[in-house]
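Observations on the model geometry
In case you want the letters, here they are:
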Amino acid sequence: MKVVGKPLERRDAWDKVTGRTRFLADIPLGEAWYGGVLRSQVARGNLAGIARDAGFDWSQVVVITAADLPGPNTVAMIREDLPLLADGEVSFVGQALALVAAPDRATLAAALAALRPDITPSPAVLSMEEALRGETVIWGEDNVIADYTIAPDDMAAFEAAMATADRIIEGTYRTGYQEHIYLEPQGVVADPRPDGGVEILGSLQCPYYVLNALARGLGLERDRLVVRQSPTGGAFGGKEDYPSVLAMQAAVLALKSGRQVAMLYERHEDIIASTKRHPSRTRHRTAIAEDGSLLAADIDVVLDAGAFTTLSPVVLSRAILHAAGSYNIPLVRIRGRAVATNTPPNGAFRGFGVPQSIFAAERHMDRIARELGVEPLALRRQLVLERGDVLPHGQVLGEGNAAGALVLERAVTLSGYEKRRGELAAANAAAAERGDPVRHGIGVSLVHHGAGFTGDGEDRIATVVRVRGEADGTVTVLCSSVEMGQGAETVLPAIAAEALDLPLEAVRYHQPDTAAVPDSGPTVASRTTMVVGKVLVQACDDLVRRARAHGADARAAWSAQAAAGEALVGEGRYEPDPDIRWDQEHHHGDAYPGYAWMATVVEAAVDTDTLEIHPERVTAVAEIGTAINPVLCVGQVEGGMVQSLAWGYLEEVKLDGGRYLNDRLATYIIPTCLDAPRFEVELAAEPSPRGAYGAKGLGELPMNGGAPALAAAIEHALGIAPDTIPMTPDRLLEQLQARAQEARP
Amino acid sequence: MKIVCIVNGERRELEVQPLRRLLDVLREDLGLTGTKEGCGEGECGACAVHIDGRLMNACQVPAFQVHGRKILTVEGLGTRESPDPLQAAFVTAGAVQCGFCTPGLLMASRALLDAKAAPTEAEIRAGLAGNLCRCTGYGRVVEAVRSAAGMRSGREGEDQSHPHGGPDVGSPVPSADDAVQVFMPNTLAEALAVMDHGEAVVMAGGTDLMAAFHAGRPLPDKVLDISRLRELTGIMLSPRRVTLGAAVSYTDLLNSTEVTAHWPALAEAARQVGAPAVQNMGTVGGNLVNASPGADLVPVLAALDGVVVLASTGGERRVPVLDFYKGYRDPDRRPDELVAAVELPRPAAGVRQAFFKAGTRRAQSIARVNLACCARIDTQGRLTDVKLVAGSVGPTIVALRETMAYMEGRRADEGGLDAACRRLASGEVHAIDDVRASADYRRQVLGNLVTKFVKIFV
């Protein structure tokens, strides 16, 4: 292959290193007004009204409350339960109560300060446990937003195994919030159109999600709505669902004021208002036979959805589909629930529920190893899923989908895991002897991640990609997959160049714009390279086919047609695979077209004086099918890994009465260059027949593996088993004190 | 206010509000949008630029302070046709993903390589520690900087007529619509006269003030800029003491071989206080007057028997650093007084000093607990002149008086000394519970850190 597999330069790199890339806030606004949001300061209550200070000149601004909305009061996602503006009931701190547009920021701030909401607080549900108890019901009949079960085919055998096993090993695992901290905060600019429609330009992942939300919320036909993506400074899922909220806010202000309205969040507001990773609690009960073999597992996953549905059912679905981890356990039942609390709605974040459930699965594997008295690595080697094995949801792992043992063995070899485990244990003993406070540990995790939408999701999205032949012999890729740092603007053209036998320079990429590109689905779920890339290849083939109708030399033909004003456009459409079976109601069947695999070995230091953790060295082996651009792939692994590690020990959101306390970059702590480990990353390839040139999804995979490997390393270093993340110094201290208590006679 | 400065080699005359952020001047007035805003409070480094060759966060620099300065932004670093070697290295090594942090990272990398042509990996990481990147995990970035080390910047040939600053242009000219009156005196006497006339907010590095103004703190009527006051920007050494001017920066401390040799705990605190941009801006006086209980320098200054020199038209007043705080964020300073300096006596021979910080991360972090220690062994082998001062555990810094008294006069190798000190130190403070750490953690860690210091002598 000429382009695929080559470490080619990113196409957006030079503009980015010279400061020429224009992110949304870099585009001059001219006469635009600024939009802002009046937010609830209480977690739950009844909004009787919003008083306006008589001293403020209200004629100079536009104010919108729930009563003033042109369409239904909703931001449509999976459900329509999230109101654009609170109407009577208030459900979380930060919920939008009113919108204001003003000619400048100072007037905007003054207007927001002159609005006085009258809210009578009522008892709020502030934790998953409270929500499950159901004494106070804030959503539906029982606070349960979604409740799914993956059941074994032979339920009687499962129940018998759980009832009669030699022993049951139980564990409960918790994970905390995570804020995306894309370096570019959220923002959109809305322009009213003369025909009564609106155009949105924004930092976002999913142009057509926003378009759908606008069409529903404004009650407008799609031909009067346009959504364009501006260069996006990081997203990680944070710009999947939230831009629909922001775009609706800006759109109603633009329509009412008749002016361009910019809503550019600063960091503090971004953290308060935007979604976070769902906190989770997962219980494992594993039935063990007398000989130590695993008979059955009963797993219960609970996610804290926050006050409204957003994407939580889909996050939950993906979480439970990975909850048994990367291991072959004969009989598995998994139940998942997403429950409502009076906290800001949680949403998409790289990994989409899997980091939570797989953290529990990995920690539980370590617990089983500990209780059985075997090495964590030995247990993993014994249980790792292989080709032909059946996942709990009934999917048989086929060709190109079972690289667990491959990555595990390679990571163990590369890192010298077994030798280092002994060396570090000896070094710790020596350090204790001489009073040195620093301990070291090494841990391993094995994870996988299904790429693309779950089950028949890709059938429903029905991705369309087009490729247009240009007069100068180049082609332009037309799709709605956005560049947000992950490299779509480089990788998709590389795929097209390969398919068309063109140099990379001869392929252009059209910035996503719903007026110009077809709906190739959202830029999420590790689907862009694998799924959209595959449809792109079809589009390229189609262009060649059409061009050859005009002449033997396809390139010459499409150039000539374009020069004549009749540009040829090749089109690819996702074709449902007849072999894929999926039963959504029972979560049974072929959940994902491709699984990528990764083994991670983390060496970490802990200072026992301060209980500060430092991950020092990470070895990661990722099997991702064909690496279209290996430099970009390594970048994804390293970046995702640091996010995963930091989620495991550094990043913490504390709440007080439903209000985030860590709401600035001074208090929500993400890693600096000094906190990041040294990396050794290796890519392995078992090409997938379902992906473009054998590619599989990669973006989310590294987010799954860091935290559990780090927790295993801390267990190795300190001899305590951290089952809750983040492993803050406070938490480690508590565990060490509990152990000291137990050790007392 | 009319200011004159050189931006990317070009002389600019600008009409600005004095406290307008340099970030906004660059982005909105000059259209130089390569400099980004990621947090508005000096945490992320996306707005890092060079001012007179030093890395600074443009969100923390008021416009008036760049009068007569030379500013370099990413747009001036190089172009695709004529790039800085770092720009090319970032492209080649895969150090760019979303690109939003990239300009700031490049400016930090350039400042690092300008100061040290071939840094070690540890130096590279420390040099970039004030620039948050959420995409790359930093691995490719470190690789890019390493690969560009030793290569000359593309700006070698540019105008060097102002090597230590911009044009010599006198004072900025105030305008009728300035929201704030700025005083930029040339002498301490002039500064004190301004203080005497009423409430002026004193500004040196601006790291805390500019973030506070941006977050909504009302603007003052008057600002007194002491950042160029020669009498306050020097480190003066005498046989008996060192006098640190209030406007001495953390970088100045780190660059002083005398300070690092004789007051190593102070250098360590200056090293740990932040990352390069903040170290270049933040000052000794600012750290004292801002009066954050988590300040890193303050416990060290107290443990080293520092004395705050407060100047006013009525004369000087000296207050030991340990007595300088009357309560939470309440320094003992009259409105007409200027913190001019802090004096540190030269440590006696054999004094061991230490500064320990338990932070949230390894750079750019606010302490959960910090502790400054000094002591020496007398001729009889006994601990003496013991000083233990903790920060970030209560509303002000606190001396661990019971532990100090217990240690004083005891042999360092006395059995059980470390355990006794641990117990005392953990027990004697009323530690706070807050968003960063629990009270229990603070007590335990304080005990551990005191023990760590005691062990130095064994």
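Look above for the structure.
Below is a summary of the structure that appears in this document.

The rules behind the values
Residues numbered from 1 in each chain as written. Chains lettered and ligands numbered in written order. Predicted model: local features only at pLDDT ≥ 70, side-chain atom pairs only at ≥ 80, totals over all residues. Pairing = 2+ DSSP bridges. Helix = DSSP H or I, 4+ residues; strand = E, 2+ residues; numbered from the N terminus. Contact = placed C-beta atoms within 7 Å. Axes fitted to C-alpha atoms, helices over the stretch in contact; angles between N-to-C directions. Expected span 1.5 Å × (residues − 1). Buried ≥ 20, exposed ≤ 12 C-beta atoms within 10 Å, placed from the backbone. Arc of directions from axis to C-beta.

**Brief notes about the sheet that holds strand E19 (residues 398–399) of chain B**
All names here are of chain B.
- Here we have four strands laid out as an open sheet, ordered E16-E17-E18-E19, and antiparallel in their pairing. Taken across any chain shown, the strands that pair with only one partner, and hence form the sheet edges, are strand E16 (352–358) and E19.
- On top of the sheet, helix H11 (residues 264–272) reaches E16 and strand E17 (369–377); it is set at about 20 degrees to E16, its chief contact.
- Where helix H17 (residues 439–456) meets the sheet, it contacts E16, E17 and strand E18 (383–391), and its direction lies at approximately 25 degrees from that of E17.

**A few points about helix H14 (residues 488–500) of chain A**
Residue and element names in this part refer to chain A.
- Here H14 is 13 residues long and its end C-alpha atoms lie 18 Å apart, about the 18 Å a rise of 1.5 Å per residue gives.
- In terms of burial, H14 is a largely internal element, 13 of the 13 residues being buried.
- Asp-501 sits one or two positions beyond H14 and adopts a positive phi of about 55 degrees.

**Observations concerning the pairing of strand E1 (residues 33–39) of chain A**
All names here are of chain A.
- With seven of seven residues buried, E1 lies mostly within the body of the structure.
- Of the two faces of E1, the one holding Trp-33, Gly-35, Val-37 and Arg-39 and the one holding Tyr-34, Gly-36 and Leu-38 are both buried throughout.
- In terms of strand pairing, E1 meets strand E12 (residues 261–264) through two bridges, oriented parallel. Along E12, the bridge assignment pairs Tyr-34 with Ala-262.
- Sheet topology note: the E1/strand E5 (residues 96–102) ladder contains six bridges and is antiparallel. Bridging from a neighbouring strand, Gly-35 pairs with Ala-101 of E5.

**Some remarks on helix H7 (residues 188–196) of chain B**
Residues and elements named next belong to chain B.
- Among the residues making up H7, those that are buried are Ala-191, Leu-192, Val-194 and Met-195. Angular distribution of buried residues about the axis of H7 spans 155 degrees; they occupy a single face of the element.
- Looking at the buried residues of H7, the elements they touch are strand E6 (181–183), strand E8 (222–225), strand E11 (307–312) and strand E15 (338–345).
- Directly beyond the C-terminal end of H7, a positive phi value near 135 degrees is found at Gly-198.

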